[in-house]
Amino acid sequence: FSTEYSRFLDRIELARLLSKHSFNFGLFGKGWSSYTEFETFTENFISNEKQLFEIYKKSKINLYNNTHGLGMHAKVFEIMANGGFLALPESKKNLLEGGINEVFNKNEHFITFKTENFCDLIENWLFKTKERIQVGNNARKLVLSDHTWEKRVEKILVDNSVHFDELG
């Protein structure tokens, strides 16, 4: 089932797209080793958080694909909290309530790309070290100031309090 799940299939297509532009990337996690076309790029699932966070920081571009969701997975926050540069596919869902654009600004905290012009992502961002680092730092500052677990719990409690007050 997991290999037929649309997000998994999107990951395969994204990896194929990336492999057309670079031979210097890593695919981390379960399932990648079954694809011989990616065997030189495949790494095991990383269970050590410190090691994973170092990869987020050191990667020039962290690609994330949640095109069928709202792009607000814990990995997004982890990448941003560690100052990683985040790129995700452009999606109308990014603009919905709960979408990434609700709390983060495109090109200030993350960037988006379209599959048909993926080469623009590579050309526009891969070698702009200063700009990439600035976007990662902007995201890190915002996550650490407004999106810690403590802040999230506070928001849930306030939202629930308002909801219960409305119910009377």
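All values reported here derive from a predicted model rather than from experimental measurement.

I keep staring at the overall build of the protein chain and nothing clicks. Help me out?
The helix and strand inventory of the protein chain stands at six helices and five strands. Ordering the α and β elements of the protein chain from the N terminus gives α-β-β-α-β-α-β-β-α-α-α. Within the protein chain, the fraction of its 168 residues that count as buried is 37%. Approximately 11,000 Å² of the protein chain is accessible, and the part contributed by carbon and sulfur atoms is 52%.

Would you explain the confidence of the model for the protein chain in this entry?
Detailed reading of predicted coordinates is not advised where the pLDDT is low. This prediction gives the protein chain a mean pLDDT of 85; 87% of its residues lie at or above 70. Per-element confidence in the protein chain ranges from a low mean pLDDT of 77 for helix α6 (residues 149-167) to a high of 96 for helix α5 (residues 129-146). Throughout residues 1-5 the model reports pLDDT below 50, and contacts reaching past four residues in sequence, or to other chains, amount to five contacts.

Explain the sheet that holds strand β4 (residues 86-89) here, please?
Two orientations exist for strands paired in a sheet by backbone hydrogen bonds: parallel and antiparallel. With parallel pairing, the three strands of this open sheet are ordered in space as β3-β4-β5. Whereas interior strands pair on both sides, the edge strands pair on one side only; in this sheet they are β3 (62-63) and β5 (111-113). As paired strands, β3 and β4 are joined by two bridges and run parallel to one another. Paired with N62 across the strands is L86, a residue of β4. The strands touched by helix α4 (residues 118-125) are β3, β4 and β5; relative to β5, the strand with the most contacts, the crossing angle is about 145°.

Sorry, what's going on with the packing of aromatic side chains here?
Throughout the structure, instances matching the rule amount to eight aromatic pairs. On the basis of an interplanar angle of 85° and a centroid distance of 5.6 Å, the ring pair of W32 and F38 is categorised as edge-to-face. Per residue, the accessibility class of W32 equals that of F38, and both read buried. Members of the aromatic cluster, connected to one another through ring pairs, are W32, Y35 and F38.

Help me understand the pattern of salt bridges, please; the structure alone is not making it clear to me.
Any two side chains of opposite charge can pair if their charged atoms end up close together. If you walk through the whole model with that rule in mind, you get eight salt bridges. Across the pair E90 and K106 runs a salt bridge whose closest N-O atoms are separated by 3.6 Å. Residue E90 is located in the loop between β4 and β5, and its partner K106 is located in the loop between β4 and β5; the two are separated by 16 residues in the primary sequence. Looking at E90, the relative accessible area reads 41%, which means it is partly exposed.

Rules and cut-offs
- Residues numbered from 1 in each chain as written.
- Predicted model: local features only at pLDDT ≥ 70, side-chain atom pairs only at ≥ 80, totals over all residues.
- Heavy atoms only, no water.
- Helix = DSSP H or I, 4+ residues; strand = E, 2+ residues; numbered from the N terminus.
- Buried < 20%, exposed > 50% of the residue type's maximum accessible area, 1.4 Å probe, protein only.
- Areas by Shrake-Rupley, 256 points an atom, 1.4 Å probe, with all protein chains shown as cover.
- pLDDT = per-residue confidence, 0-100.
- Contact = heavy atoms within 4.5 Å.
- Pairing = 2+ DSSP bridges.
- Axes fitted to C-alpha atoms, helices over the stretch in contact; angles between N-to-C directions.
- Phe/Tyr/Trp six-rings, centres within 6.5 Å; stacked < 30°, edge-to-face > 60°.
- Salt bridge = Lys/Arg side-chain N within 4 Å of Asp/Glu carboxyl O.

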